[in-house]
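Working through the structure, step by step
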Amino acid sequence: MTTTAPTTNGRVIALAHYSARALLEGVLTRHGITFEQSVTLRAAAVAGDSTGRDELVADVIGSLKADESVVRGVIDDMTAAKLLEKDPATDSRLRLTDAGRELYETTTAETAEISARLYAGIPAEDLAVAGRVLTLLTQRANAELAGARVTAGA
C-alpha cells in the first residue's frame, strides 16, 4: 500500500511546529529559561552590541505575536536575572550580559544539533520549496493580523 504525503495545511504545519518546539523546550528547561526568553535572547544577540529597548520589544512582539506588556515583562525578568543589562553608554539601550551571551550560545549549539538530525536527508530543493511556502504563509498571516489591528482600532 502506497501512502501519499499530506498536503501542506495548518494542521501539518502546527504538528511540525509543536513537535520541534517540544524538543526545543526540553533544551530550554534544562537551562532554566522559557521559550519567550530564548526568543528575546536571540533578538538581543542578533542586534549586535546593544539595541534600543523599544526595538527589542518590537522585534520580540513581531516574532511571538505577544502582547507588549508580556514582552516588557520578559525583558524585565531577564534584566533581573542578569541575562540582559542596560548599555553603560546609553541607558535606553540593552545588551546581553556575559551570562546571557553564554546561555544563548549554549542553547543555540544544542538546538542546532537537534535541527541537524531533524533536517538530515531532506533534499535542499524540498527545503527551499518549504521555505518559500512558509514565508508566504507568514507574510499573509502578518498582513491579516495587521488588518485585524487596524479594524479593531477603528
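Residues numbered from 1 in each chain as written. Predicted model: local features only at pLDDT ≥ 70, side-chain atom pairs only at ≥ 80, totals over all residues. Heavy atoms only, no water.

Further remarks concern the overall build of the protein. When helices and strands are tallied, the protein shows six helices and three strands. Taken from the N to the C terminus, the helices and strands of the protein come in the order α-α-β-α-α-β-β-α-α. Dimensions along the principal axes, computed over C-alpha positions, put the protein at roughly 65 × 45 × 25 Å. Looking at the protein as a whole, 22% of its 154 residues are labelled buried. Put simply, of all contacts in the protein between residues at least 6 apart along the chain, 51% involve residues at least 24 apart. Summed over all atoms, the accessible surface of the protein reaches about 10300 Å², with 56% contributed by carbon and sulfur. (Helix = DSSP H or I, 4+ residues; strand = E, 2+ residues; numbered from the N terminus. Buried < 20%, exposed > 50% of the residue type's maximum accessible area, 1.4 Å probe, protein only. Contact = heavy atoms within 4.5 Å. Areas by Shrake-Rupley, 256 points an atom, 1.4 Å probe, with all protein chains shown as cover.)

What follows is about helix α5 (residues 98–119). The first and last C-alpha atoms of α5 sit 31 Å apart over 22 residues, in line with the 32 Å expected at 1.5 Å per residue. Among all positions in α5, only Gly100, Leu103, Tyr104, Thr107, Thr111 and Ile114 are buried. Considered in projection along α5, the buried side chains sweep an arc of 100° and stay on one side of the axis. Exposed residues pointing more than 90 degrees away from the buried face of α5 are listed as Asp98, Glu102, Glu113 and Arg117. Looking at the buried side of α5, the elements it contacts are α1 (10–30), α2 (35–47) and β3 (90–96). Residue glycine 121 follows α5 closely and has a positive phi angle near 80°. (Expected span 1.5 Å × (residues − 1). Arc of directions from axis to C-beta.)

Before going further, it helps to spend a moment on the packing of α2 against helix α3 (residues 53–64). It is the contact of α2 with α3, at a shortest axis distance of 10 Å, that shows an interaxial angle of 130°. When the axis of α2 is compared with that of α3, the two are oblique. When you trace α2 past α3, the crossing you get is right-handed. Of α3, the residues touching α2 (which contributes Phe35, Glu36, Val39, Thr40, Ala43 and Ala44) are Leu56, Asp59, Val60, Ser63 and Leu64. Taken together, the residues of the contact of α2 with α3 break down into seven nonpolar, two polar and two charged. (Axes fitted to C-alpha atoms, helices over the stretch in contact; angles between N-to-C directions. Parallel < 35°, antiparallel > 145°, perpendicular 65-115°, else oblique. Left-handed = near helix turned anticlockwise from the far one by under 90°. Nonpolar A, V, L, I, M, F, W, Y, C, P; charged D, E, K, R; others polar.)

Right, let's talk about a nonpolar patch on the surface for a bit. A cluster of nonpolar side chains, Leu23, Leu118, Tyr119, Ile122 and Leu127, forms an exposed patch at the surface whose accessible area comes to about 440 Å². Tracing the backbone through its elements, the reader meets leucine 127 in helix α6 (residues 124–153). According to the relative accessible area criterion, leucine 127 is partly exposed, its value standing at 34%. (Patch = residues over 30% accessible without salt bridge, like charges linked within 9 Å, V, L, I, M, F, W, Y side chains within 5 Å. Salt bridge = Lys/Arg side-chain N within 4 Å of Asp/Glu carboxyl O.)

Within the open sheet, the three strands sit side by side as β1-β3-β2. Their pairing is antiparallel. Across the chains shown, the open sheet's two edge strands, defined by having one partner strand only, are β1 (51–52) and β2 (84–87). Here β2 runs beside β3; their pairing, made up of four bridges, is antiparallel. Among the inter-strand pairings, leucine 84 is bridged to a residue of β3, identified as leucine 96. (Pairing = 2+ DSSP bridges.)

Tallied over the full model, the rule gives six salt bridges. Close ionic contact of arginine 95 with glutamate 85 constitutes a salt bridge, the shortest N to O distance being 2.7 Å. Of the two residues, arginine 95 sits in strand β3 while glutamate 85 sits in strand β2, which places them ten residues apart along the sequence. The exposure class assigned to arginine 95 is partly exposed, which follows from its relative accessible area of 28%.

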